[in-house]
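# Observations on chain architecture
Chain residues, written in single-letter form:
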Amino acid sequence: MSAATLTRDGRGRALATSEIVPAARAGEVVVVPQAMQRIGLHGELVEAILAAIGEACGAAAAEEIRRRGFEKLHELVAPERIEGAAHAVDRAFVSRYPRLVKAIGRDALGLRRPFYIPLIPVTRLSVPRQGADAEPLRRDRSGVLLNRYPPHRDSWYTSPINTLNVWIAVGAVEHENGLYFYQDMWGREVRYEERDGRDFGTPLTIALDPGDVVVFDNRQLHATADNVG
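These remarks concern the structure in this document.

Criteria and cut-off values
Residues numbered from 1 in each chain as written. Predicted model: local features only at pLDDT ≥ 70, side-chain atom pairs only at ≥ 80, totals over all residues. Heavy atoms only, no water. Axes fitted to C-alpha atoms, helices over the stretch in contact; angles between N-to-C directions. Helix = DSSP H or I, 4+ residues; strand = E, 2+ residues; numbered from the N terminus. Left-handed = near helix turned anticlockwise from the far one by under 90°. Contact = heavy atoms within 4.5 Å. Nonpolar A, V, L, I, M, F, W, Y, C, P; charged D, E, K, R; others polar. Salt bridge = Lys/Arg side-chain N within 4 Å of Asp/Glu carboxyl O. Pairing = 2+ DSSP bridges. Buried < 20%, exposed > 50% of the residue type's maximum accessible area, 1.4 Å probe, protein only. Arc of directions from axis to C-beta.

## Some details on the packing of helix 3 (residues 42-57) against helix 4 (residues 59-68)
As a packed pair, helix 3 and helix 4 sit with axes 7 Å apart at the nearest point and diverge in direction by 145°. Handedness of the helix 3/helix 4 crossing: right-handed. Contact with helix 3, carried on its side by Glu-47, Leu-50, Ile-53, Gly-54 and Cys-57, involves Ala-59, Ala-61, Ala-62, Ile-65 and Arg-66 of helix 4 and no other residues of that element. Tallied by class, the residues present in the contact of helix 3 with helix 4 amount to seven nonpolar, one polar and two charged.

So this is what it looks like as structure tokens:
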């Protein structure tokens, strides 16, 4: 499976499957285009998410999202119900998660040795900033939905330091509503208390199509901000 590894200026180079993990371990951000379609799981992923949204928000909302795309969820679901939708999606993937990650590891990343899956799945619904003033979506109530996270390394928290992060784009991702990678900080000391004030350089941002997968080392400094797209 071909992949692209992105340099600090957003350019890339082709990678063989066997090169994906070493590139990520070396501090590069790797995009595997259409990975979920290639391993035959994109359709299942979409249907499970739509079913979860239907459970939380009603069948009519789920069908309209199917028709118009996940990117329109915030227009079709009331703010007070979006958080319920996110929780329903999380519940839907608790049981599927080990099989899903095993398939990605084996078939998309080419891993052959046993590997450990340390964390449960995290769903991110990046609500556009213009809709973020609704009371149910205040930052102190629902940071996952507003997608605001200052620069951080997952290794600061509960994630083992040798973890690889796999980020799946279910809907289309634009540069303004995805992850920010501060590659200039790779291998350099960053303290937790600096995450809100230090200048980490110009971040790398990535636009993705549905089914694309991003792979990066959890020591990679990254962040998310208000969705202005």
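Picking up where we left off.
## Considering the pattern of salt bridges
Going through the model one piece at a time under the given rule, you end up with 14 salt bridges. With a shortest N-O distance of 3.0 Å, Glu-194 and Arg-198 are connected by a salt bridge. The structure contains a network of salt bridges with shared partners spanning Arg-191, Glu-193, Glu-194 and Arg-198.

## Examining the sheet that holds strand 9 (residues 222-224)
Read across the sheet, four strands follow the order 4-9-6-7 without closing on themselves; strand pairing throughout is antiparallel. Each edge of the open sheet carries a strand with a single partner, namely strand 4 (149-152) and strand 7 (204-205). Here two bridges tie strand 4 to strand 9, and the two strands are oriented antiparallel to one another. In the strand pairing of strand 9, Tyr-149 is matched with Thr-224.

## A short note on helix 1 (residues 17-25)
All of the buried residues in helix 1 are Thr-17, Ile-20, Val-21, Ala-23 and Ala-24. Projection of helix 1 onto a plane perpendicular to its axis shows the buried side chains occupying an angular sector of 165°, all on one side. Close packing links the buried residues of helix 1 with strand 1 (3-6), strand 2 (12-15), strand 3 (29-32), helix 7 (97-108), strand 5 (164-168) and strand 8 (213-217). Two residues or fewer past helix 1, Gly-27 is found with a positive phi of approximately 95°.

## A closer look at the pairing of strand 2
With four bridges connecting them, strand 1 and strand 2 associate as antiparallel partners. Note on strand 2: the bridge partner recorded for Ala-3 is Leu-15. If you look at the hairpin formed by strand 1 and strand 2, you'll find five residues sitting between the two strands, and Gly-10 has a positive phi there, around 90°.

## Some thoughts on unusual backbone geometry
Residues other than glycine seldom take positive phi values, yet Gln-34 does so here, at roughly 55°. Structurally, Gln-34 can be placed in the loop between strand 3 and helix 2 (35-38).

## Concerning the sheet that holds strand 3
Pairing is antiparallel across the open sheet formed by five strands, whose spatial order is 2-1-3-8-5. At either margin of the open sheet sits one strand with a lone partner, and together these are strand 2 and strand 5. Neighbour to neighbour, the strand axes of the sheet diverge by 25° on average, direction disregarded. With three bridges joining them, strand 3 and strand 8 adopt antiparallel strand pairing. Within the sheet, the bridge partner assigned to Val-31 lies in strand 8 and is Val-214. Relative to strand 8, helix 1 is tilted by about 45°, and along the sheet it contacts strand 1, strand 2, strand 3, strand 5 and strand 8.

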